[in-house]
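# Summary of the model geometry
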Amino acid sequence: MTSKLDLATLKPMANAIRALSMDAVQRANSGHPGMPMGMADVATVLWSRHLKFDPADVNWPDRDRFVLSAGHGSMLIYSLLHLAGVKEVTIEDLKNFRQMDSKTAGHPEYGHCPGVETTTGPLGQGISTAVGMALAERLLNARYGDTLVDHRTWVIASDGDLQEGISHEAISLAGHLKLSKLVVFWDDNEISIDGSTGLADSVDHRARFEAAGWTTIAVDGHDMNAVDEAIIKAKVSDKPILIACRTVIGSGSPNKQGTAATHGAPLGDDEIAATREAIGWSHEPFEIPEEVTTNWRTMCQASAEMRSEWRDRLQVSDEREAFNAQISGKLPDSARDALEAYARQMAEEKPVLASRAASGNTIAAICEAYPGLVGGSADLTGSNLTKAKSQTPVSAEDFSGSYIHYGIREHGMAAAMNGMSLHGGIRPYGGTFLIFSDYCRPAIRLSGLMNQPVVYVFTHDSIGLGEDGPTHQPVEHLSALRAMPNVETFRPCDAVETAEAWACALERTDGPTTLALSRQKLVHARQDDASENLSARGGYVLREPEEGEAQLVLIATGSEVGLALEAYETLAGKGVKARVVSMPCLERFLRQDRKYRESVVPADLPKVAVEAAVRWGWDGLIGPDGGFVGMAGFGASAPAEALYEHFNITAEAVVEEALKRV
């Protein structure tokens with residue numbers, strides 16, 4: 001039996017969260033007070049007695065991760081960070097909740113507020129990202145042991161998080177891998193924006209988690225002793241744990257608690273006054289009594305001691321140098337050298353190779369030189385070619401491998417990769433077909449928003465995949481990915497460009513990269529020795545006229561570079577001098593300085609672009625009057641060669657468009 005908690009100390013600590021939350025939302029005249037008030041008791045028990053978190057170093061590598069998946073209740077985490085003593089989260093920051101340039105944004109934003117581990121708000125993303133964090137902990141633990149890596153991932157999730165489809169993918173993956181260091185607190189308050197959750201949901205969520213391989217526990221979320229006992233049990237589970245916390249949304253509000261009225265609107269001055277009286281909180285808005293502040297700050301002393309002891313262990317560890325290098329997230333020099341050597345080899349050998357195969361060869365060339373590189377695929381390993389022979393799969397019994405079989409869970413895979421990247425020490429990449437980037441899109445967007453260097457390997461990049469037909473042939477997806485801020489999309493034309501694209505992706509530390517790779521074989525296009533990464537500028541001159549100045553510019557990506565080269569030869573035979581530009585990454589090229597862009601694609605020359613996708617996005621480079629050879633609708637089911645002929649994506653079509661403009 002555990003000893004009873006000192007509720008006389010803990011209850012005022014929880015009420016401080018309630019007061020700060022309702023006051024900040026009221027001051028902003030915007031926000032969600034209900035969830036923070038309802039989960040204040042659970043959060044207080046967790047943070048005061050179990051969470052390994054030192055506010056003096058919010059980035060300590062062996063800290064516990066706390067994820068507020070129910071990100072609409074952001075005042076919960078802002079209150080916790082301030083009360084725990086994170087100096088960068090001041091009472092003024094709480095007063096400026098949801099205001100311009102404040103750290104305390106409407107939903108928690110990673111990199112914007114110290115102590116926020118991941119951007120949350122899109123429901124389902126937090127719990128799914130947390131699976132990746134818990135997985136990263138196990139991967140690093142298998143490499144460095146309990147001495148350096150031994151921490152938990154804690155999540156507060158709402159009814160909405162569990163209703164989102166991505167939660168099904170995430171919890172089944174976590175259960176399959178037995179991620180026992182993952183604990184989810186379900187805020188089971190039975191209220192959604194429209195009213196009772198019973199309006200739309202009658203799922204037995206505990207049964208669902210248990211079917212996925214989790215341990216579940218149910219408690220009264222306002223019984224601090226029961227919450228504490230549940231957490232103690234969770235710590236010894238050999239499975240991931242769901243603690244279903246039956247709570248009252250807006251707990252403490254005498255007239256609005258338990259109703260949807262507290263979910264997403266201020267309580268109002270009268271109700272706040274009534275709440276203060278009901279919970280025995282006689283202090284002014286944003287005023288925290290010294291005794292409560294002291295109790296909150298005191299609870300972090302144990303974590304500070306743990307951090308100090310961990311630093312001492314790291315200092316004397318034989319693994320210190322390797323651990324620090326892996327946590328840094330930098331591309332190892334050995335891996336960079338391997339990439340450059342492979343690119344030079346491809347330039348010399350000039351293989352005719354599908355870019356998905358060239359990508360697989362690139363992975364094989366570098367994976368042993370890159371300890372933090374962890375790959376995977378959504379049940380398409382043999383098609384994406386994302387697994388090198390030297391890589392071994394990760395399993396619940398053995399986390400020492402570097403390859404993850406995600407199953408048919410594209411969205412869950414993408415979110416888990418965000419979590420691994422955010423955790424640190426792991427550089428994740430994962431594969432599926434380009435068409436299924438739609439399934440990953442919300443998580444890719446968060447990769448870009450959070451500046452996470454995740455690599456998405458998207459194969460079968462066009463109608464060139466052939467007989468599987470229009471359901472599997474991406475046509476709008478390149479445009480959609482290019483439109484997403486801070487996401488770079490590479491579509492390489494041969495093995496050299498593929499290696500260069502991988503180098504750009506792995507050297508990048510401030511955002512994600514998507515690689516669009518072909519199923520069909522591609523001609524070798526490069527004539528240089530690959531001593532310089534030409535793809536790093538986004539686009540470059542691949543061929544110039546043998547004599548004289550170019551009369552027009554042919555621009556292409558991926559497999560269509562071969563068509564542009566054919567058209568170049570045909571035009572030369574007709575006395576037309578063309579320049580061929582390979583454009584592996586349109587976004588990078590458009591960010592180059594004007595002088596470089598003009599040197600590659602002069603404004604005064606007519607232009608023709610060719611890409612087996614829709615035109616959308618190309619007019620920014622070729623202009624509305626530029627020629628375009630590509631798709632205008634969906635594909636069809638047939639062999640790739642027949643499809644290119646049918647949709648008139650041919651060298652002859654490129655020539656025809658060119659001759660119209662010279």
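Structure: see above.
Here is a short report on the structure shown in this document. (Residues numbered from 1 in each chain as written. Predicted model: local features only at pLDDT ≥ 70, side-chain atom pairs only at ≥ 80, totals over all residues. Heavy atoms only, no water.)

## So, the packing of helix 1 (residues 7-28) against helix 11 (residues 269-279)
The criterion, for reference: Angles here are taken between N-to-C directions and fall from 0 to 180 degrees, while the axes themselves are lines fitted to C-alpha atoms, restricted in helices to the stretch in contact. Put simply, DSSP marks the helices as runs of H or I at least four residues long and the strands as runs of E at least two long, and each gets a number from the N terminus on. The cut-offs work like this: below 35 degrees is roughly parallel, past 145 is roughly antiparallel, 65 to 115 is roughly perpendicular, and the gaps in between are oblique. We call two residues in contact when some of their heavy atoms are within 4.5 Å.
Taken N-terminus to C-terminus, the directions of helix 1 and helix 11 make an angle of 175 degrees; their axes are 11 Å apart at the nearest point. Relative to helix 11, helix 1 is oriented roughly antiparallel. For the pair formed by helix 1 and helix 11, the contact residues are Asn15, Arg18, Met22, Asp23 and Gln26 on the first element and Asp269, Ile272, Thr275, Arg276 and Ile279 on the second.

## Digging into the packing of aromatic side chains
Our working definition: Any Phe, Tyr or Trp ring, taking Trp's six-membered ring, that has another such ring centre within 6.5 Å forms a pair; planes under 30 degrees apart are called stacked, those over 60 apart edge-to-face, and the others tilted. A 1.4 Å probe rolled over the protein chains alone gives each residue an accessible area, and that area as a share of the maximum for its type sets the label: buried under 20%, exposed over 50%, partly exposed in between. Any Lys NZ or Arg CZ found within 6 Å of a ring centre and within 35 degrees of that ring's normal is scored as a charge over the ring.
One pass over the full model with this rule turns up 13 aromatic pairs. Each ring, one from tyrosine 456 and one from phenylalanine 458, has its centre 5.9 Å from the other, and the planes form 20 degrees; the classification is stacked. One exposure class covers both tyrosine 456 and phenylalanine 458, and it is buried. Directly above the ring of tyrosine 596 sits arginine 537, whose terminal nitrogen or CZ lies 3.7 Å from the centroid.

## Topic: the nonpolar core
Going by this rule: The set of buried Ala, Val, Leu, Ile, Met, Phe, Trp, Tyr and Cys residues whose side-chain atoms join them within 4.5 Å is what this entry labels a nonpolar core.
Counting residues in each nonpolar core, the largest one holds 64 residues, and the members touching the most others are Leu135, Leu179, Leu182, Trp214 and Met420. In terms of residue count, the dominant contributor to this core is helix 6 (residues 125-144) (10 residues). Sequence-distant contacts of leucine 135, defined by excluding residues within four places in its chain, comprise Leu177, Leu179, Val394, Phe399, Ile404 and Met420. Membership of the second largest hydrophobic core comes to 63 residues, among which are Val42, Ile217, Ile231 and Trp281.

## Topic: helix 11
Keep this limit in mind: What the arc measures is the spread of directions leading from the helix axis to the C-beta atoms.
Among the residues making up helix 11, those that are buried are Glu271, Ile272, Thr275, Arg276 and Ile279. Summarising the axial view, the buried residues of helix 11 lie within an arc of 145 degrees, below the 170-degree limit, and thus occupy one face. The exposed set on the far side of helix 11, more than 90 degrees from its buried face, consists of Asp269, Asp270 and Glu277. For helix 11, the secondary structure elements touched by its buried residues are helix 1 and helix 2 (34-38). Once helix 11 finishes, glycine 280 follows within two positions and takes phi at roughly 70 degrees, a positive value.

## Things to note about the sheet that holds strand 7 (residues 241-246)
Applicable threshold: Two strands qualify as a pair provided that DSSP identifies no fewer than 2 bridges between them.
The strand order across the open sheet formed by five strands is 1-2-3-7-6, and the pairing between neighbours is parallel. Taken across any chain shown, the strands that pair with only one partner, and hence form the sheet edges, are strand 1 (65-68) and strand 6 (215-220). Ignoring strand direction, the axes of neighbouring strands in this sheet form an average angle of 20 degrees. By the bridge criterion, six bridges tie strand 2 (residues 153-158) to strand 3 (residues 182-188) in an arrangement that is parallel. Paired with tryptophan 154 across the strands is valine 183, a residue of strand 3.

## Regarding the environment of lysine 660
To be explicit about the condition: Think of a polar contact as two N or O atoms within 3.5 Å of one another; within protein, one of them needs to be a possible hydrogen donor and the other a possible acceptor, and neighboring residues in sequence only count if both atoms come from side chains.
You can see lysine 660 is positioned in the segment after helix 27 (651-659). Using a relative accessible area of 55% as the deciding quantity, one classes lysine 660 as exposed. With 33 residues separating them along the chain, lysine 660 and glycine 627 place their C-alpha atoms 8.6 Å apart. A polar side-chain atom of lysine 660 sits 3.1 Å from a polar atom in the side chain of glutamate 657.

## A closer look at helix 22 (residues 560-573)
Counting along an α-helix, one turn takes 3.6 residues, and residues three or four places apart therefore face a common direction. Spelled out, the test is: Given a helix with a known number of residues, its expected span is that number minus one, times 1.5 Å.
Its 14 residues place the ends of helix 22 20 Å apart at the C-alpha level, agreeing with the 20 Å of an ideal helix rising 1.5 Å per residue. Listed in full, the buried residues belonging to helix 22 are Glu560, Val561, Gly562, Leu563, Ala564, Leu565, Ala567, Tyr568 and Leu571. Positive phi appears at glycine 575, one or two residues downstream of helix 22, with a value of about 80 degrees.

## Side note on the state of the cysteines
By definition, a disulfide is the covalent link that joins the sulfur atoms of two cysteine residues. Going by this rule: Cysteine sulfur atoms that come within 2.5 Å of each other are treated as a disulfide pair.
According to the stated counting rule, one finds zero disulfides in the structure shown. Cysteine cysteine 367 shares no disulfide, and the gap to the nearest cysteine sulfur, in cysteine 504, comes to 20 Å. Using a relative accessible area of 10% as the deciding quantity, one classes cysteine 367 as buried. The thiol of cysteine 585 is unpaired, and the distance to the nearest cysteine sulfur, on cysteine 504, comes to 7.7 Å. Here cysteine 585 falls in the buried class, since its relative accessible area comes to 0%.

## Topic: the sheet that holds strand 16 (residues 540-543)
Strand pairing in a sheet relies on backbone hydrogen bonds, with the paired strands running either antiparallel or parallel. Read from one edge to the other, the open sheet built from five strands follows the order 16-18-17-19-20, with strand pairing classed as mixed. Every interior strand has two partners, whereas the edge strands, strand 16 and strand 20 (627-631), have only one. Taken pair by pair, the neighbouring strands of this sheet meet at an average axis angle of 25 degrees, ignoring direction. With five bridges joining them, strand 19 (residues 607-614) and strand 20 adopt parallel strand pairing. Residue pairing for strand 20: glutamate 611 is matched across the bridge by glycine 630.

## Some thoughts on the side chain of serine 582
If you trace the backbone, serine 582 turns up in strand 18 (residues 578-582). By relative accessible area, which is 1% here, serine 582 ends up buried. Looking at serine 582, its side chain comes within polar contact range of the side chain of glutamate 497, at 2.5 Å. When sequence neighbours within four positions are dropped, the list of residues in contact with serine 582 reads Cys493, Glu497, Gly538, Gly539, Tyr540, Leu542, Ala556 and Val561.

## Regarding unusual backbone geometry
Phi is positive for phenylalanine 286, close to 65 degrees, though the residue is something other than glycine. Tracing the sequence through the fold places phenylalanine 286 in the loop between helix 11 and helix 12 (290-298). Assessed through its relative accessible area of 12%, phenylalanine 286 is described here as buried. Phi angles above zero are rare outside glycine, and histidine 460 is one such case at about 55 degrees. As for its position among the elements, histidine 460 is in the loop between strand 12 (455-459) and helix 20 (477-482).

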